[in-house]
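Examining the three-dimensional arrangement
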Amino acid sequence: MTDTTASESPAMTLSKAAPKEAPLSPRQAMVRRALRHRGLIFGALVMGIVIFIALCAPLLTQYSPYDQDLLARMKPPVFLGGEPAHWLGTDALGRDFWARLAYGARISLMIGLLAATISAVIGSVLGILAGYFGGRVDMAVTFLINVRLAMPVVLVALAVVALFGGSLMVVVSVLGLLLWDRFAVVLRAATMQVRKLEYVAAAEVLGASLPRVLWKDILPNVMNHLIVIFTLEMAHAIILEAALSFLGLGVQPPTPSWGLMISEGKEMLLFEPWLITIPGVALFFLVLSINMLGDGIRDVTAPEGRN
Amino acid sequence: MLLYILKRLGLAVLVALTVSALSFSLLFMAGDPAISIAGENAAAEDIAAITERYGFDRPVLVQYADWLVSAARGDLGRSWYFDLPTTEIIGDRLGVTMTLGLLAICFALLLAIPMGVAAAVKPNSLIDRAALFISVVGQAIPSFWFGLILIVVFSIKLGLVPASGSSSWKHFILPTVVLGYYATPAIMRLTRAGMLEVLSADYIRTARAKGLAPRKVLFKHALRNAIIPVISLAAVQMGFMLGGSIVVESIFALHGAGYLAWESISRNDLPVMQALILVFSMFYILFTFLADVLNAWMDPRLRVG
């Protein structure tokens, strides 16, 4: 963000001084649109805060997310009359809630990023191949997409985690292997459009090899779709991990996962509702910010297709 | 039309077969199934007896073919936990899930279509922005958390509806809201986009020009055309919802098929799990097939594809 603002200011003054003589380059125009897009700014800001908390968790709290203190169980947060030592209170085992929340951000972000990366690779390869070759390749990929869509994600993920045990790796792999459908659908359509353009034909005529055409001509031109879907699927994976952990078949205790925190707080729902409210609100804001970031990127890179 | 339906049907059957193979292979993914039935520390004779009884020593392909043939006859194996046919166990529970799915999709449609229409009639107005806001926020709320919050507010604080169980219609209110709101944003966006497109069409201008009442133009001419893709989306969403009902059912302890899935996992009851994955997939395939046919029937242009 700091980088873009720095390059932005000369463009702004320039366009103010001489609006007609200095047309903005596409990149400058995009940066201007980005800075005016409130959803994008909000999403980037909130996500930046969550990433900061995740990275600097050890600096932000003196407590470990695992240390139990049975003499300080279920202390309420400061705004409900608690002590400043545990400003978000403690859970049923006396673990500092803020420490668990901060370290939990690492789990959520890591699972979201890794799962979305796996599915991005699978989905983009399938989608680009289908869109580029068409014909039988396309039929085969479309068939695979249909099969994937027919499998109930939560159910299959639960079954696999139950069979292989709930480690971070298993959760990431199963989500990554299940969430590639939207990548494939969107990149297939996008590649079909790009494939018809002249520069692709030109590259082919010039004798560019197939990998080169796909890598240098197709991929960069479907990249904006890829990034948008990446954010959406990252949010999707984060929510699914939380749901799996909530059902007891995701990341296993005592790992600080937000879904697990909600699940543990469920027992005390009646008396200490903040135990589920705090991780739930955190989850909500993280997913909201990722989605708004994705929507913002889509609006900024393709302003004509907004509705 | 008939050719189109046959093509779609063929595709649906192929997808169903592939899914069935995948869900069958689940049984073998985690190692020897005989050991998972008997337990880690079982005696060798017990394991041998179980292998013998279930025929695990035969080639996997033979077992799959066997399973497929009996599945086609409506026999999806026996539960390891209850020692009853899985179809019987699932059949008992499916009614609740289907009721929940239908209620949820109705709830979503009743909420999303009016909002989408209102948003499209006045783009960028307050209503449009509110609808967009609701859909963006709605997509970010984790359903299990939303369910718990509803329980806290409406069951515990206000005491209006029961928090868990499935014995009366009141038990379905909160689960319907939780499951239904999930499908609302997508349906609303599609309604809005469809209405925007239709409202700028020539025949709408004609209808307005000849002095038809605005309400009539909106509902009789515009919505009728915009609603076609929405209905097919609703069918697909219904398929997704049945698969997603597991989370909602386990929060509210609704004794449906989703809750059964969760129970089966904790009981290590693989055949029921397998059968449930298959049943939910089949529903999804059936709903998307019906949506395709419905679409083609209502919009002849699609029949070519």
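Cut-off values and rules
- Residues numbered from 1 in each chain as written.
- Chains lettered and ligands numbered in written order.
- Predicted model: local features only at pLDDT ≥ 70, side-chain atom pairs only at ≥ 80, totals over all residues.
- Heavy atoms only, no water.
- UniProt positions renumbered as here; feature names shortened; annotations may be inferred.
- Helix = DSSP H or I, 4+ residues; strand = E, 2+ residues; numbered from the N terminus.
- Buried < 20%, exposed > 50% of the residue type's maximum accessible area, 1.4 Å probe, protein only.
- Areas by Shrake-Rupley, 256 points an atom, 1.4 Å probe, with all protein chains shown as cover.
- Core = buried A, V, L, I, M, F, W, Y, C linked by side-chain atoms within 4.5 Å.
- Contact = heavy atoms within 4.5 Å.
- Phe/Tyr/Trp six-rings, centres within 6.5 Å; stacked < 30°, edge-to-face > 60°.

By the naming in an unreviewed UniProt entry, chain B is ABC transporter permease, taken from Salipiger mangrovisoli. On record in UniProt, under Subcellular location (unreviewed entry), the comment for chain B is "Cell membrane".

An unreviewed UniProt entry annotates chain A as ABC transporter permease originating from Salipiger mangrovisoli. In the Subcellular location (unreviewed entry) part of its UniProt record, chain A is described as follows: "Cell membrane". Regarding chain A, the relevant UniProt record gives this comment under Sequence similarities (unreviewed entry): "Belongs to the binding-protein-dependent transport system permease family."

1. Quick look at the overall build of chain A
A tally of helices and strands in chain A yields 13 helices and zero strands. Along chain A, from the amino end to the carboxyl end, the secondary structure elements read α-α-α-α-α-α-α-α-α-α-α-α-α. Relative to its 307 residues, chain A shows a buried fraction of 51%. With an accessible surface of roughly 14500 Å², chain A has 68% of that area assigned to carbon and sulfur atoms.

2. Regarding the UniProt feature "transmembrane region" (unreviewed entry) in chain B
Taking the numbering used here, the UniProt-annotated feature "transmembrane region" (unreviewed entry) corresponds to residues 100-121, 133-156, 168-188, 226-252 and 272-294 of chain B. For residues 133-156 of chain B, the helix share is 92%, the strand share is 0%, and the end-to-end C-alpha distance is 28 Å.

3. A short note on the nonpolar core
L175 and W258 of chain A together with F144, M195 and L276 of chain B are the most contacted members of the largest nonpolar core, which totals 160 residues. Examining the composition of this core, we find that 17 residues originate from one element, helix α10 (residues 214-252) of chain B, more than from any other. Discounting residues that sit within four places of it in the chain, M195 of chain B has contacts with V117, A120, L218, A222, L223 and A226 of chain B. Grouped together as the second largest cluster of nonpolar side chains are 16 residues, A190, V194, L219 and V222 of chain A included.

4. So, the packing of aromatic side chains
The description of two aromatic rings rests on the distance between their centres and on the angle between their planes. Scanning the entire structure with this criterion turns up 10 aromatic pairs over all chains. When the ring of F97 of chain A is compared with that of W274 of chain A, the centres are 5.7 Å apart and the planes differ by 85°; the resulting orientation is edge-to-face. Taken together, the residues F97 of chain A in helix α5 (residues 97-133) and W274 of chain A in helix α13 (residues 274-301) connect sequence positions 177 residues apart. What makes F97 of chain A buried here is its relative accessible area of 2%. Under the relative-accessibility criterion, W274 of chain A is labelled buried at 7%. These aromatic residues form a ring-pair network of at least three members: F146, Y181 and Y182 of chain B.

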